[in-house]
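Analysis of the macromolecular model
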Amino acid sequence: MALLTVRNLTTSFATDQGTIRAVNGVSFTLEPGEVLGLVGESGSGKSVTALSLMRLVREPPAKVEAELLDFEGTDLLRAPARTLRDIRGAGIAMIFQDPMRSLNPVLTIGRQLTEPLRRHMRMGAAAARHRAIELLEMVGIPMAETRLGSYPHQFSGGMRQRVMIAIALSCNPRLLIADEATTALDVTIQAQIVELVRRLTKNLGTAVIWISHDLGLVAGLCDRVNVMYAGRIVETGPVREVFYRPAHGYTIGLIGCTPRVDQVGTPLTPINGLPPNLMDEAPLCPFLPRCDVAIPACRQTRPALRNLPGGHAAVCLADLTSHHRGAH
Amino acid sequence: MAVILATDSGSLARDKAQTLRFASGARLAFRQFLRNPAATVGLVVLVLLCLAAIAAPWISPFGPIQIKLSAKLQPPSWAHLLGTDHFGRDVLSRLLYGARVSLSIGVLVVAFSMSFGVPIGMVAGFMRGHVDNVLMRLMDAFLTFPPLLLAVAIVGLLGPDLRNVMMAIGVVQIPVLARIVRASTLSAREETYVMAARALGASPLRIALRHILRNILSPIMVQVTIGFSAAIIAEASLSFLGLGTQPPNPSWGRDLAEARRYMADAPWLFLSPTATIMLAVLSINFVGDGLRDALDPRSWRTRARAATATE
């Protein structure tokens, strides 16, 4: 049975000017232990999707709707606040982008590590402390025992992200959402953190949703990838399929503006223009104004999700086989 | 590195025990507080003033309302260290007894305004929406009254005893405190660590008390010390207007009010209460300043930092 089933998730924000649909009809499923990538540029709805899954967007002003939002048999849309709190941290955990700000500056690391343990695992003070030391050691923090009494400002960014990972994994969640978890770190630390999360979640059998705009990272880590644009999933499939045989103009654009070490000197191709205003419901493909591979049909009908071989699907009318890497 | 560790090594064992118990916060904050000389001096002065107030019956050379007309308006001498007033009462004794009134007014006003201002501000900032609007408009309504006039009206209506004076001064401070608390809460609740705490399943009450309240303690503390000194001054003003402490009982403000008539002939009469009020208010403000720094863990020098440096 699927760990998480999302069907037609829509998150809208009521503003004075109208309703903004930050997430617009997103559907996907996640199997236990699966690693899913969620890519797209800023404002494409990646983070809001994640926050909606955990019901962490503030309602109101936001409104989260879905045909189905099921986590391990619990309907997250209709579950009472108390059940949601039990799931947060213990069932689904999240790591945030900025480790400098996601730890409370006035509480010790030990306090912040033991709090969820005592809350979700009903551990006593001594047991929680013991487990906290184990967790810190697990994420590679030296002198874990003394470090429990330290405050966040005494840690570097990379160390803080390690602590965040320890906290997130402390109650054995079945799903970990990493929202741009390495974006704020420098490259060498990034690689360490990515490897740490990969190793730990693999050992623990935790499913992961990696939210990132770093395609290289997603390509190396994930089993499947969802490409998001304007609040929608425009392409989905196994990582290799999507990156080697992209089937949506936007995915091609994203790949074109990703620097590659093995192609030094090749100019990057930016995607021109800006993401569309999410207020107006576009009658055509929302990517059309910026699309380089549009065909005449794109100006007449709105594309529907089209299934491709290999568990791959895209919302695009154009046939993009000529753009595939093998074709060049 | 050895140097850093060595300078700290005296307290090392104790420190370690502290760290392991997670309870080093208060101690580290206090240690940081002591690093600020002005705050330390302020704290010492304040403690001495409080002790003097408590010990007034035993240490004052005369009774505060003991009249001796034959010795009226005497300048400072060995018999009367700070001189005597127009009834021949000993100024020093009156100051000591007056400290009881003035300081307890300060404490009570702060406790009173905090017990309303902090919850109101936090609820408004945390809940937002209609609750916020109603509470804050109510606070705005309070703010439209000139503070002293409002206090005068309240004391005028209820009568000038200590409890009413305290409430009259405290009511004026509630909206100021509530607005500061609300503003701090608003910014704290948007912090990523609040979102992270929510993502870990913390309940709203827990978030408010553990994550937000602890983070806005500094602005609250600063406001509290300002409120404390404002209360002493406000009590002085009310007494000056005849609505605070009633004659013949002493308070710093009361004595100052009476002294104004003899300013030219007996300057010591108004200099002593003025200097005492100034001393108290300055000390409290220094203490507040020190507290603001001391409550921020980022200012604490801990053994763990020395450890970081060693790595």
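Notes on the overall build of chain A
When helices and strands are counted, chain A shows 10 helices and 13 strands. The C-alpha radius of gyration computed for chain A amounts to 21 Å, which stays within 12% of the reference 20 Å derived for 328 residues, consistent with globular compactness. Projected onto its principal axes, the C-alpha positions of chain A cover 70 × 50 × 40 Å. The buried share of chain A, reckoned over its 328 residues, is 47%.

Comments concerning the overall build of chain B
Assigned secondary structure in chain B consists of 15 helices and 0 strands. The proportion of buried residues among the 311 residues of chain B is 42%. For chain B, contacts bridging at least 24 residues in sequence account for 70% of all contacts bridging at least 6.

Concerning the nonpolar core
Most often, soluble globular proteins keep nonpolar side chains buried together rather than apart. By size, the foremost hydrophobic cluster in this structure holds 160 residues, and its most contacted members are A:Trp210 and B:Ile169. Broken down by element, this core gets its largest block of residues, 17 residues, from helix H6 (residues 91-127) of chain B. Apart from residues no more than four positions distant in its own chain, B:Ile169 is found in contact with B:Ile105, B:Val109, B:Ala151, B:Ala231, B:Ala234 and B:Glu235.

A few points about the confidence of the model for chain B
All names here are of chain B. Residues of chain B with pLDDT of at least 70 account for 89%, and the chain-wide mean is 81. Model confidence for chain B, summarised as mean pLDDT per element, is weakest for helix H1 (residues 2-8) at 39 and strongest for helix H4 (residues 37-54) at 92. Predicted confidence for residues 1-23 stays below pLDDT 50, and this span has 22 contacts to residues more than four positions away or in other chains. pLDDT under 50 marks residues 303-311. Its contacts with residues more than four places away, or in other chains, come to 19 contacts. Scored as a complex, the prediction yields pTM 0.79 and ipTM 0.82.

Topic: the pairing of strand E10 (residues 224-229) of chain A
Residue and element names in this part refer to chain A. For E10, a buried count of 6 out of 6 residues is recorded, marking the element as mostly surrounded by other parts of the structure. Going residue by residue along E10, you find Arg-224, Asn-226 and Met-228 tucked away on one face and Val-225, Val-227 and Tyr-229 tucked away on the opposite face as well. Judged from the 4 bridges that link them, strand E3 (residues 35-39) and E10 form a sheet pairing that is parallel. Each residue of the ladder has a partner; that of Val-39, found in E10, is Val-227. In this sheet, strand E11 (residues 232-238) lies alongside E10 in antiparallel orientation, the contact comprising 6 bridges.

Here we look at the interface of chain A and chain B
Each side of the interface is counted separately: chain A has 33 residues, and chain B has 23 residues. Listing elements by their share of the side of chain A that touches chain B, those giving two or more residues are helix H2 (81-87), strand E7 (92-95), helix H3 (109-120) and helix H5 (144-147) of chain A. Take the side of chain A that touches chain B: its biggest share by element is 5 residues, from H3(A). In the side of chain A that touches chain B, the residues fall into 14 nonpolar, 11 polar and 8 charged.

A word on the packing of H6(B) against helix H9 (residues 162-189) of chain B
Residues and elements named next belong to chain B. The contact between H6 and H9 brings their axes to 6 Å, and the two run at 35 degrees. Note on packing geometry: the crossing formed by H6 with H9 is right-handed. Residue composition of the contact of H6 with H9, grouped by class: 21 nonpolar, 7 polar and 3 charged.

A short note on the pairing of strand E9 (residues 207-212) of chain A
Residues and elements named next belong to chain A. Buried residues dominate E9, accounting for 6 of its 6 residues. Pairing between E3 and E9: 5 bridges, direction parallel. Looking at the pairing, Val-35 lines up with Val-208 of E9. Pairing between strand E8 (residues 175-179) and E9: 5 bridges, direction parallel.

Some thoughts on the environment of A:Val39
Residues and elements named next belong to chain A. Locating Val-39 in the fold gives a position in strand E3. Taking the number of C-beta atoms within 10 Å as the measure of exposure, Val-39 has 26 and is therefore buried. For the pair Val-39 and Phe-96, spaced 57 residues apart in sequence, the C-alpha to C-alpha distance is 16 Å.

Notes on the sheet that holds strand E12 (residues 306-308) of chain A
Residues and elements named next belong to chain A. Judged by pairing direction, the sheet is mixed, and its 8 strands sit side by side in the order E7-E8-E9-E3-E10-E11-E13-E12 without closing on themselves. Two strands in the sheet have a free side with no partner beyond their single neighbour: E7 and E12. The mean inter-strand angle of the sheet, taken between neighbouring strand axes irrespective of direction, is 20 degrees. The sheet strands contacting helix H10 (residues 249-256) are E3, E10 and E11, and the helix crosses E10 at an angle near 100 degrees.

Describing the packing of H9(B) against helix H12 (residues 217-240) of chain B
Residues and elements named next belong to chain B. Relative to each other, H9 and H12 sit at 155 degrees, their axes nearing to 10 Å. The pairing of H9 with H12 is recorded here as roughly antiparallel in orientation. Taken as a pair, H9 and H12 cross one another with a handedness that is right-handed. Seen from H9, the contacting residues are Val-165, Ile-169, Gln-173, Leu-177, Ile-180, Val-181 and Ser-184; seen from H12, they are Pro-219, Ile-220, Gln-223, Gly-227, Ala-230, Ala-231, Ala-234, Glu-235 and Leu-238. By residue class, the composition of the contact of H9 with H12 is 11 nonpolar, 4 polar and 1 charged.

Overview of helix H13 (residues 252-259) of chain B
Owing to its 3.6 residues per turn, the α-helix brings residues three or four apart onto one side. All names here are of chain B. In terms of burial, H13 is a largely internal element, 8 of the 8 residues being buried. Those residues of H13 not exposed but buried are Trp-252, Gly-253, Arg-254, Asp-255, Leu-256, Ala-257, Glu-258 and Ala-259. Of the surrounding elements, those touching the buried residues of H13 are H6, H12 and helix H14 (267-294).

What about unusual backbone geometry?
Residue and element names in this part refer to chain A. Positive phi is not limited to glycine here, since Glu-72 has a value of about 50 degrees. Here Ala-230, not a glycine, exhibits a phi torsion of approximately 50 degrees, which is positive. With 23 C-beta atoms packed within 10 Å, Ala-230 lands in the buried category.

Here is what the cut-offs are and how they apply
Residues numbered from 1 in each chain as written. Chains lettered and ligands numbered in written order. Predicted model: local features only at pLDDT ≥ 70, side-chain atom pairs only at ≥ 80, totals over all residues. Helix = DSSP H or I, 4+ residues; strand = E, 2+ residues; numbered from the N terminus. Rg over C-alpha atoms; globule rule 2.2 N^0.38 Å. Buried ≥ 20, exposed ≤ 12 C-beta atoms within 10 Å, placed from the backbone. Contact = placed C-beta atoms within 7 Å. Core = buried A, V, L, I, M, F, W, Y, C linked by C-beta atoms within 7 Å. pLDDT = per-residue confidence, 0-100. Pairing = 2+ DSSP bridges. Nonpolar A, V, L, I, M, F, W, Y, C, P; charged D, E, K, R; others polar. Axes fitted to C-alpha atoms, helices over the stretch in contact; angles between N-to-C directions. Left-handed = near helix turned anticlockwise from the far one by under 90°. Parallel < 35°, antiparallel > 145°, perpendicular 65-115°, else oblique.

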